[in-house]
Each structure stands twice: as C-alpha cells, then as structure tokens.
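# Overview (structure and organization)
Here is what each chain is made of, one letter per residue.
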Amino acid sequence: SKATVSVLNWGDTLRVSITMARMAAVNVTASAIRVEPCSNEGRSPLWYNFNDGGLEAMVQGYRSALLRHEDYNALCQCETLQDFKMYLQTNTCYGEPPFLQDVSTLDPAVIKEKAQEKLVAEFNELREWADAPLSTFLDFITYDYMITNVLKLIQGARNNRDTLELITRMHPLGRFEGMGAIMADCSNVNAIYDTMTILELPIMKFFQHEQDRVEFESDQSSMEYIHAMFKKKYLEAFYDVCQEIGGQTWTVMKEILEFEADRTVIGLSRNCFGNKDIKPGLDRSKLFPNFGTLVDWHARIADCDDDDALRAVLGDEKGGLQHWRNLVAGGGALGDSSAASAMETRFIEHSIMLNRCSMANQFHYGVFYSWLKLREQELSNLYWICACIEMKSRDRIREFSEIFPVN
C-alpha cells in the first residue's frame, strides 16, 4: 500500500496518513477485501489493521502527546499567561504548529478556544479518512455535541437570545449544515423541531414517535426534561451501535457507556431533588437509559428525594452496588455545593481511568472515543490553570484531575 509517514518533533508520536491507493496493492476487488457488516465477534486484528490500523496509529500518537505530570507541574509554576503560552509552545504538542502565535491578548477563554480548534482539526481529519463502520462510530461521537448545540438553540428561543451570541457558544464538533436555517427559525421550539426534521438531522431519529415529538415541542417541558430525553435516546442508540460492531470495541465501550448511563441516572436524580415539577406526574425512571449496572434499581432511585435516600439504595448489600456507593459517598446534604463538587470529581477521575485503560488496548474503536474525552479533560485542566494564574489563586491551582496522575 501507499503511505506517507512523518515523525513529529514532540515525543515519539507517529503520524500516519494512508491514501486510497492502499487497495491497489492487492489484486482482488475491494468488496472481497473490505469487511462488510461486523458480526458480534468483530474483526480479526489482521483485517482491523488493514482497514483502520493507520488511523488508530494516529490516535495512539496523539495519546503520547497528552500532558504528563511534569508538564502540569511546570504549568502550575508559571507566573503569567505569557509564561504559560511559552511553555506550551516550547515543550508540548501545542508547539506544532504554535497555536497561539497570532493571539495578541491572552486570557483563559482564548487559550482554551485555540486548543479546542487544534483538537477539532485532528478529529475532523480522522473522520475524513474513516470508512464504515468506523465513520459511523465517529459520527455518533459528534451527535452528543450536536445535541448540546440544539439544547442551546432551544434555550435561546425561550429566552429570546441573540443569534450571534448563540453561534459563539456552539461546540465546533456539533455544528452542522443548515444551522443557520434553524437559527433563523428559532422563534419557538416547534419551529426548531420542524426545521431539524426538514434538514434530516441524524439526531432526529431519536424522536420518531409521535409522543416524543409532543414532549419535545411542548414549551411546558423543562430544559432538564428535554436534555434527559435526548441523553437517554442518544446513549441507548450509541450502545446498540457498539454492540453491533462487536469484538473488542463492544467489550471496551460497553463498560464506558454503562458508566455514563449510570452517571446520568445519578446526576438526573440529584438534580430532581426537591424539584418534582421537572414534569408533573412524570415517572423519573422513564428518563433513565435502559441499560447499565443500576438498571434494576431505577425505580427505587427515581423515588429518592435526598442524598441520604440515594445512598441507602446504593448501600443495599444485596445489590452489589458498593462501587457506586463509594463514588457517591460523602455527597453531603442537599445544597452542599462542596460535597457535590467532590462527588463530581470522583466521577471525572473514574471516567479518566476507564478511558486511559481503553487506550492501553488495541484493535478497537474505543481508542478514538477515549482519546477525544481525555483531550477534552486536558482542555478543562488548561483553562482551570490559566484562570487561577489570571486571578492569582495559587492556593486552588491544583484543583484539577490529571490524566496520568502520579500516586
């Protein structure tokens, strides 16, 4: 096959670009080479390497460029944002090319925005080269961001927000062709729904039933309710796609998505404490994804109205939920923001661990998902450090979750 390989200056990252001429090296038809629908056994490593190995090599190269403990130590010691910028451009992957070279005024938001642009460009390159079923998998990753953008449009329609302001708040990975048409018609939720249907946005497949449309369009439905509907349907659809792909992809993504589903259940339950009006008469369990380790306890969790009740359900020794009790433990009383923050930090650290373990394996699509999530955590860390430097809050500058912590 024809390939171009170049070694970047940062670390031992290997960037592999494979052209469409790879088929020409084999004297058989493409249909005989290409593995079509994946069975639940997935692909053999040989076929995986032929079809998707080059792109996985790119992602593993990106992984090697993630910031390490020593990088965070150096960044936390920077006195100014100019020092911060200099270290990133001199000692990390952010120096290839210098992502802040055209920025005259530094602030945390600009630094995060430029770092995000680099991440989006790398992801879009992977997506451009991918063939099915990897392309389908990568598309599903972007649907989560598309949903986030749609929710912002709905919120903007309800609050009469300026369309220009909405555009600046859209996540780049969730932008889609025809967004301008939706924003022009976002005077109400009904108009947004109709325009998205006409544009045949992929996320509209989650609202094929008439009852779903009624709930979506209702201005009486809270944003928490609409977000929960989207999240439930998205996670269930992504779970099914990963199961269809099968193999190591299913093994890895099953654990990751089940954690995200359970995390959604816990988060939604806590957000509803003292707020039974999320939708009058609603059985909260109907908003929970129908998979995960907590699925048999959805009804009991839905009835909880405070942290003590939630911990009591998770503390059921017969349920084998000690893991989740440990994550929620110390959640504190309703309204205790510091306790809730500590619980969210434990969730983040567990998610980092799952994604780090995912990238330690080969021959599966989970590495693409996990790399993106770890890089997003890195962006959050960079923003936090920058904000602390700008506000001179040295005592809180270490309050972030490292991707490769040193015990």
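Before any of the text, the structure's been laid out above.
All values reported here derive from a predicted model rather than from experimental measurement.

The rules we used
- Residues numbered from 1 in each chain as written.
- Predicted model: local features only at pLDDT ≥ 70, side-chain atom pairs only at ≥ 80, totals over all residues.
- Heavy atoms only, no water.
- Helix = DSSP H or I, 4+ residues; strand = E, 2+ residues; numbered from the N terminus.
- Buried < 20%, exposed > 50% of the residue type's maximum accessible area, 1.4 Å probe, protein only.
- Contact = heavy atoms within 4.5 Å.
- Salt bridge = Lys/Arg side-chain N within 4 Å of Asp/Glu carboxyl O.
- Axes fitted to C-alpha atoms, helices over the stretch in contact; angles between N-to-C directions.
- Parallel < 35°, antiparallel > 145°, perpendicular 65-115°, else oblique.
- Phe/Tyr/Trp six-rings, centres within 6.5 Å; stacked < 30°, edge-to-face > 60°.
- Lys NZ or Arg CZ within 6 Å of the ring centre and 35° of its normal.
- Nonpolar A, V, L, I, M, F, W, Y, C, P; charged D, E, K, R; others polar.
- Arc of directions from axis to C-beta.

## Some details on the overall build of the protein
- Along the protein, the regular secondary structure elements total 17 helices and 2 strands.
- Out of the 407 residues belonging to the protein, those deemed buried represent 50%.
- Taking the contacts inside the protein whose residues are at least 6 apart along the sequence as the reference set, 63% of them involve residues at least 24 apart.

## Notes on the environment of Val295
- Its location among the elements puts Val295 in the loop between helix 12 (247–271) and helix 13 (298–302).
- Relative accessible area serves as the criterion here: at 33%, Val295 is assigned to the partly exposed category.
- In this structure, the C-alpha to C-alpha distance between Val295 and Val265, residues 30 residues apart in sequence, is 9.1 Å.

## Let's talk about the pattern of salt bridges
- Scanning all chains against the criterion turns up 15 salt bridges.
- Note that Arg127 is salt-bridged to Asp139, the shortest N-O span being 2.6 Å. You can see Arg127 sitting in helix 5 (residues 108–129) and its partner Asp139 sitting in helix 6 (residues 134–159), a full 12 residues away along the chain.
- The exposure class of Arg127 is partly exposed, given its relative accessible area of 27%.
- Take Asp139: its relative accessible area is 23%, and that puts it in the partly exposed class.
- In this structure, Arg375 and Glu378 form a salt bridge, with 3.9 Å as the shortest nitrogen-oxygen distance. Taken together, the positions of Arg375 and Glu378, both in helix 17 (residues 366–391) and 3 residues apart, correspond to about one turn of that helix.

## Some details on the packing of helix 6 against helix 11 (residues 223–245)
- In the contact formed by helix 6 and helix 11, the axes pass within 11 Å of each other and the chain directions differ by 170°. In terms of their interaxial angle, helix 6 and helix 11 are classed as roughly antiparallel. From helix 6, Thr136, Phe137, Phe140, Ile141, Tyr143, Asp144, Ile147, Val150, Leu151, Ile154, Gln155 and Arg158 reach across to helix 11, where they touch Met223, Ile226, His227, Phe230, Lys231, Tyr234, Ala237, Phe238, Val241, Cys242 and Ile245.

## As for the packing of aromatic side chains
- The full count for this structure, using the stated rule, is 14 aromatic pairs.
- Cluster of aromatic residues (ring-pair linked, three or more members): Phe137, Phe140, Tyr143, Tyr234, Phe238, Tyr365, Phe368 and Tyr369.
- Against the face of Phe404 rests Arg68, its NZ or CZ located 3.9 Å from the ring centre.
- Between the NZ or CZ atom of Lys112 and the centre of the ring of Tyr383, over which it lies, the distance is 5.5 Å.

## Observations regarding the packing of helix 4 (residues 81–91) against helix 17
- Running from N to C, helix 4 and helix 17 point in directions that differ by 150°, and their axes come no closer than 9 Å. Classified by the angle their axes make, helix 4 and helix 17 are roughly antiparallel. Each of Leu81, Phe84 and Leu88 in helix 4 lies in contact with helix 17, whose residues at this interface are Leu382, Ile385, Cys386, Ile389 and Glu390.
- Looking at side-chain class alone, the contact of helix 4 with helix 17 contains 7 nonpolar, no polar and 1 charged residues.

## Section: helix 9 (residues 189–198)
- For helix 9, the complete set of buried residues consists of Val189, Ala191, Ile192, Tyr193, Thr195 and Met196.
- Positioned one or two residues after helix 9, Glu200 has a phi angle of 55°, which is positive.

## As for unusual backbone geometry
- The peptide bond linking Ala132 to Pro133 adopts the cis configuration, its omega dihedral lying at 5°.
- Along the chain, Pro133 turns up in the loop between helix 5 and helix 6.
- With a phi close to 65°, Phe363 is a non-glycine residue in the positive phi region.
- Mapped onto the secondary structure, Phe363 falls in the loop between helix 16 (337–359) and helix 17.
- The backbone of Lys392 sits at a positive phi, close to 60°, despite the residue not being glycine.
- You can see Lys392 is positioned in the segment after helix 17.

## A word on helix 14 (residues 307–314)
- Every buried residue of helix 14 is listed here: Asp307, Leu310, Arg311, Val313 and Leu314. Buried residues of helix 14, seen end-on, are gathered within an arc of 155° and therefore sit on one face of the element.
- Elements that come into contact with the buried residues of helix 14 comprise helix 12, helix 13 and helix 15 (322–328).

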